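Here is what each chain is made of, one letter per residue.
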Number of protein chains: 2
Amino acid sequence: MEEWTFPVQYDEEYLPDPESPYWFEQRETMDPQERDAAVLERIREVMRYAYDNSSFYKNKYDEADVNPDDITSFEAFEQVPVITKEEMRTSQTEHPPFGDYVCVPSSEIHHIHGTSGTTGTPTAFSIGRGDWAAIANNHARILWGMGLRPGDGVFVSAIFSLYLGSWGAMAGAERLRCQVFPFGAGAGGGMTARAVQWLARCRPRGFYATPSYALRLAEVAQEEKIDPKEFGLDVMFFSGEPGASVPSVRKQIEDAFGATVIDTGTMAEMTPFMSAAASAGTPEGMLLWQDIVWHEVCDPETFRTVPYGEEGTPVYTHLERTSQPMIRLASNDLTRWVMEDNPCGRTYPRLPEGVYGRIDDMFQVRGENVYPTEIDNYLRTVEGYGGEHRVIVSRSGSMDELLVKVECGRSETDGFEKEVASGLQNVLGLRPAIEVVEVNTFDRSDHKSRRVTDEREHTQRGSG
Amino acid sequence: MEEWTFPVQYDEEYLPDPESPYWFEQRETMDPQERDAAVLERIREVMRYAYDNSSFYKNKYDEADVNPDDITSFEAFEQVPVITKEEMRTSQTEHPPFGDYVCVPSSEIHHIHGTSGTTGTPTAFSIGRGDWAAIANNHARILWGMGLRPGDGVFVSAIFSLYLGSWGAMAGAERLRCQVFPFGAGAGGGMTARAVQWLARCRPRGFYATPSYALRLAEVAQEEKIDPKEFGLDVMFFSGEPGASVPSVRKQIEDAFGATVIDTGTMAEMTPFMSAAASAGTPEGMLLWQDIVWHEVCDPETFRTVPYGEEGTPVYTHLERTSQPMIRLASNDLTRWVMEDNPCGRTYPRLPEGVYGRIDDMFQVRGENVYPTEIDNYLRTVEGYGGEHRVIVSRSGSMDELLVKVECGRSETDGFEKEVASGLQNVLGLRPAIEVVEVNTFDRSDHKSRRVTDEREHTQRGSG
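Not measured: the values here are computed from a predicted model. (Residues numbered from 1 in each chain as written. Chains lettered and ligands numbered in written order. Predicted model: local features only at pLDDT ≥ 70, side-chain atom pairs only at ≥ 80, totals over all residues. Heavy atoms only, no water.)

## What to know about the overall build of chain A
Thought 1: When its secondary structure is counted, chain A shows 12 helices and 21 strands.
Thought 2: Its C-alpha atoms give chain A principal-axis dimensions of about 65 × 55 × 45 Å.
Thought 3: By the burial criterion, 59% of the 464 residues in chain A qualify as buried.
Thought 4: Contacts in chain A between residues far apart in sequence, at least 24 positions, make up 67% of those at least 6 positions apart.
Thought 5: On chain A, roughly 17,700 Å² of surface is accessible, and the fraction owed to carbon and sulfur atoms is 45%. (Helix = DSSP H or I, 4+ residues; strand = E, 2+ residues; numbered from the N terminus. Buried < 20%, exposed > 50% of the residue type's maximum accessible area, 1.4 Å probe, protein only. Contact = heavy atoms within 4.5 Å. Areas by Shrake-Rupley, 256 points an atom, 1.4 Å probe, with all protein chains shown as cover.)

Okay, here's the thing in structure tokens:
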């Protein structure tokens, strides 16, 4: 297969035939069973490398009686214990600052990023120089698949800081020889209005942000009397939130900007996080580019893969990272995978609805599983919806209460309230209380929206 | 000389002898007259290149009857008309979006940045792929001169967006093989407090920001009960504001962090903007690395150089840029240059007080030239100064009034007011009105401080 070595060393001058929809045609279109056989060998190499170069993996595998050389089948691999985020935090506390799963010497570390949570101890990511180049090559390959080409402008409208999304988008666009406009986001003080001005002036073909931010940008453009379609965007790709696979959010973005919406993204820890990404020929859901990162969709209790067609939680394994290789990282996300003929010709499995929830975002109310994205998805179909809402879960005695505060742009609110109450009951299987509020009551997020407050005490799920 | 070609193509694997204080020893320590002779040849090359590859330079030089091949002396070069920012804005308006002074094809453009002003039309910078690599190499060379070495952590605490300072610092640190922590700044919501936590945790050797932001960071650290000295910073380098050459600001930063303070920076248009920068051995003021960018200090009317020892306005000429080469760009800044034996052994001229003002920041009150940095500089020496101030210039009848609103942390304010009024009179040569206000009355800037309001109508100086 093209450039299939470990550690990988990509040819930095390589570009595909401009007419080809593929960056590495063979790897992307080959018989999946043959590809999987090569991946299995690679997995063994990565496990051996991690075992030999980090006390984290050595201790973990010794304790579980796992010998990397014994992983000669995917069945064996599925019995390798998963890594949890909690283990990574513990490792960083015990081996500050970067933990004992870093497999390269300090001199190889190129960039430090991290989780951006405001509470608790954040996790640091230390990314090697060679890994950064490989990430750029992989993301360039996936951006090529979206239809972006050398010389295209790519506007990156997400904060450049701890958050890896913007950096990963930029690195890929740079390697693809695009004109990168690393605008950033989040500094307040009219920064979004300035983004509107620069987009209207420079008219890039490509655009990266979180879905919420794209919607916010469309609102600000309209306030500035500029139709977002005038930006002339062709390809808008997203990560950081599930929105780009939520049909109503997709449609809203497509309608506002007149561009193709592409969902991407696994986890920051897994960068190249675009290893799950749609393509120009298969724009719905996300393809699992199995030769970049190995994606399993697993039962959240046993961490064995579920059959195609079924729902489970993604578990990810790096095939190229040397600095912090993640081997069976448990995501806690929820998805469903299928194996079908993809219109783009790539022979990868696909997540038709993207990654649509998190095990720990999902909450139970009166025994029903509630996914916040389902509420969002439904509200965006309602005529007169004001654009934001909040969900409050509380307990009154032994009874769970679900309250949804909804912005309403209609002058007459009674009908709106009734429609929403009954619509949500259909979607959720239980009747929430609805409180109608005015448009712009809630903050528009410049980054990931956080809409759910759970006021009940609750116990943490065990899987990490 | 080492790697002295045009267009330049640096050896990306090169690193100096670890014991050497120099990156390119010969270029940095050679006889300055010999170096200048080589620079003059290079200037002719760059002018010929710009003339042949852009209608902007062709038209400008044809109009002024300048033939690049005739520039065989610096005397001839000093008669080449300067470029003004106004000309660049006009060029971008007439040739959107990037102007007709871009000398490379669109496919060579790697990054788009721009001025971040909130009023008026911003100027876009389009930077070529080869130029970006050359910028990184030049900045790495200057960071090496500051004492940073491969493997050192470098925390970049300025916004990553249009502003080029953070990107230039990062590119240099990456090329030097440092561990770069591109934290950014400016997103509000506790981002500075998080920077404090990450600095305390990762303890990098190097740090980049604007001087105001470093002072803000020290304040926030103290609020968080962390002594900024615990970050263990060794080298703090700055650009974006004159503060790092203002003795009182330098001292405040040095005292707070216990690190060496290094001033750098010409103009964003001139990136590699660190071509004016101090070194570990010559930490005061800024050396003019004349073989990276050609710096002239000129009479602001005639644009002929002033003798060493005298004050003038910097005029800059790129020696390596191919995408937007600036040839005699008028800065509108103010400085004084000297040619002395530098303790670090580099044979460059030096700006002993850095770049301390702008022609257009300087204002006249009752016939006296007032530089805002002089006010800042003085106030920081006053016991009990609350950390911020504002300057308001107004006209009452035919009389100019200068009002300084000063934050005061003393419980007794009368003595403070008298001391400041008399101290400022000594510094400025005129007596301002003083209004004492409480600490934290004024916004702490997360970026460049803007402290002066001139309420008089005033005419613009002609030089652009």
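## Concerning the nonpolar core
Thought 1: Core analysis: the biggest nonpolar cluster contains 228 residues, and Phe-207, Phe-237 and Phe-257 of chain A together with Phe-207, Phe-237 and Phe-257 of chain B have the highest contact counts within it.
Thought 2: In contact with Phe-257 of chain A, other than residues within four places in its own chain, are Ala-214, Leu-217, Ala-218, Pro-228, Lys-229, Phe-231, Leu-233 and Met-236 of chain A. (Core = buried A, V, L, I, M, F, W, Y, C linked by side-chain atoms within 4.5 Å.)

## Things to note about the relation of the copies chain A and chain B
Thought 1: Take chain A, turn it by 180 degrees, move it 0.0 Å along the axis, and it overlays chain B with an RMSD of 0.1 Å. Those values place the two copies in the arrangement expected of a two-fold rotation axis. Among all C-alpha atoms of chain A, that of Ala-187 of chain A lies closest to the rotation axis, at 2.1 Å.
Thought 2: Interface overlap between copies: 100% of the residues of chain A at the interface are likewise at the interface in chain B, consistent with a symmetric, same-surface contact. (Least-squares fit on C-alpha atoms with pLDDT ≥ 70 in both.)

## With respect to the environment of Tyr-61 of chain A
Thought 1: Secondary-structure assignment places Tyr-61 of chain A in helix H3 (residues 55-64).
Thought 2: For the pair Tyr-61 of chain A and Pro-7 of chain A, spaced 54 residues apart in the sequence, the C-alpha separation amounts to 22 Å.

## Considerations on the pattern of salt bridges
Residue and element names in this part refer to chain B.
Thought 1: Tallied over the entire structure, the rule returns 56 salt bridges over all chains.
Thought 2: Asp-152 is paired through a salt bridge with Arg-205; the nearest N and O atoms lie 2.6 Å apart. Of this pair, Asp-152 sits in the loop between helix H6 (129-146) and strand S3 (153-156) while Arg-205 sits in the loop between helix H8 (191-202) and strand S5 (206-209); the two residues are 53 residues apart in sequence, bridging distant segments of the chain.
Thought 3: The exposure class assigned to Asp-152 is buried, which follows from its relative accessible area of 12%. (Salt bridge = Lys/Arg side-chain N within 4 Å of Asp/Glu carboxyl O.)

## Digging into the domain arrangement of chain A
All names here are of chain A.
Thought 1: For chain A, the domain assignment lists domain 1 (1-359) and domain 2 (362-463).
Thought 2: Across the contact, 27 residues belong to domain 1 and 15 residues belong to domain 2.
Thought 3: Roughly 1,800 Å² is buried in total at the junction of domain 1 and domain 2, and carbon and sulfur atoms are behind 51% of that figure.
Thought 4: The largest per-residue losses of area from domain 1 upon contact with domain 2 belong to Arg-216, Ser-248 and Ile-359, which jointly make up 21% of the total buried on that side.
Thought 5: Inspection of the region where domain 1 meets domain 2 yields two residue pairs in polar contact (both at pLDDT 80 or more).
Thought 6: Of all the elements in the fold, those that place two or more residues in the side of domain 1 that touches domain 2 are helix H9 (211-223), helix H10 (247-257) and strand S15 (355-358).
Thought 7: Here the side of domain 1 that touches domain 2 gets five residues from one element, more than from any other, and that element is H9.
Thought 8: Considered class by class, the residues forming the side of domain 1 that touches domain 2 number 12 nonpolar, nine polar and six charged. (Domains from an automatic or database assignment. Buried area = accessible area lost by both parts, 1.4 Å probe. Polar contact = N/O pair within 3.5 Å; in protein donor to acceptor, adjacent residues only side chain to side chain. Nonpolar A, V, L, I, M, F, W, Y, C, P; charged D, E, K, R; others polar.)

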